[in-house]
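Inside the fold
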Amino acid sequence: MKAPVVSLLLVLLSACDAPRATEASDPATLRATATPIATATPVSFRKELREGTHRFVLQTTGEGSQRQMELRVEKDGKELITNTQAVEGTVEDAVATNLNNDDSPELLVFITDAGSGSYGQLLGYEFKGQGRRPLSLPELSGAAAKGYQGHDTFKVEGQEVVRTFPIFLDADPNCCPSGGQRSVLYKLPTGSTVFQQVSYRNQAR
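Residues numbered from 1 in each chain as written. Predicted model: local features only at pLDDT ≥ 70, side-chain atom pairs only at ≥ 80, totals over all residues. Heavy atoms only, no water.

Re the overall build of the chain
Counting its regular elements, the chain contains two helices and twelve strands. Its helices and strands taken in sequence order, the chain reads α-α-β-β-β-β-β-β-β-β-β-β-β-β from the N to the C terminus. Looking at the 205 residues of the chain, the share that counts as buried comes to 35%. Nonlocal contacts in the chain, meaning residues at least 24 apart in sequence, comprise 38% of its contacts between residues at least 6 apart. (Helix = DSSP H or I, 4+ residues; strand = E, 2+ residues; numbered from the N terminus. Buried < 20%, exposed > 50% of the residue type's maximum accessible area, 1.4 Å probe, protein only. Contact = heavy atoms within 4.5 Å.)

Digging into the pairing of strand E1 (residues 43–51)
Sheet topology note: the E1/strand E2 (residues 54–61) ladder contains eight bridges and is antiparallel. What sits directly across from Glu51, in E2, is His54. Hairpin remark: E1 followed by E2, antiparallel, with two residues in the connecting loop; positive phi at Gly52, about 60°. (Pairing = 2+ DSSP bridges.)

Some remarks on the pattern of salt bridges
According to the stated counting rule, one finds ten salt bridges in the structure shown. The residue Arg55 makes a salt bridge to Glu48 at a minimum N-O spacing of 2.9 Å. Residue Arg55 is classed as buried on the basis of its relative accessible area, which comes to 19%. Between Arg55 and Glu74 there is a salt bridge; the shortest N-O distance is 3.1 Å. Residue Arg55 is found in strand E2, and its partner Glu74 is found in strand E3 (residues 66–75); the two are separated by 19 residues along the sequence. Here the two residues Arg55 and Glu74 agree in accessibility, since each one is buried. Ionic contacts of the salt-bridge type, sharing partners, join the residues Glu48, Arg50, Arg55, Arg72, Glu74 and Glu79 into one network. (Salt bridge = Lys/Arg side-chain N within 4 Å of Asp/Glu carboxyl O.)

Shown next, in the form of structure tokens:
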């Protein structure tokens, strides 16, 4: 009589354990209790450039008005500089060039800030020897600044940097400039770290 009783108890215990095993292996339960995977910081801009023996890899990460800009520079295949810095606004483009035809190339980064005026900035570096030095763009002044309220775009044409923006007349709201557009041209004198304005021209839109 004892053997049938033991067998019956074993069957009952197995039946009780079966649902628990099934529940523990339920995919829905596993998905609900799994640790979420962290989302990588989004890359908002990335570009690889070459000028002479230099190679530049530039990218920005993050969202919103402040982002991290990472720059890696190689010369003759060897790492020269790796740098990370905060930038205000959005990187729109970057150009590697040699505006004064010397042995030191330049990297120009064009940035638009996050404000309603979308003011443009030029972040520039000249790479000389094993280091770099920053380049700066003078503030608009005189007749070239008349009617300026931001919305700049930048590009390189030949040996010049061209800055273009709409011209606002006195009665124009911020949304609707009506004075055409102006292009201001800059050169980088040999040995200088400051761009020089050489001319400007107005065009009807």
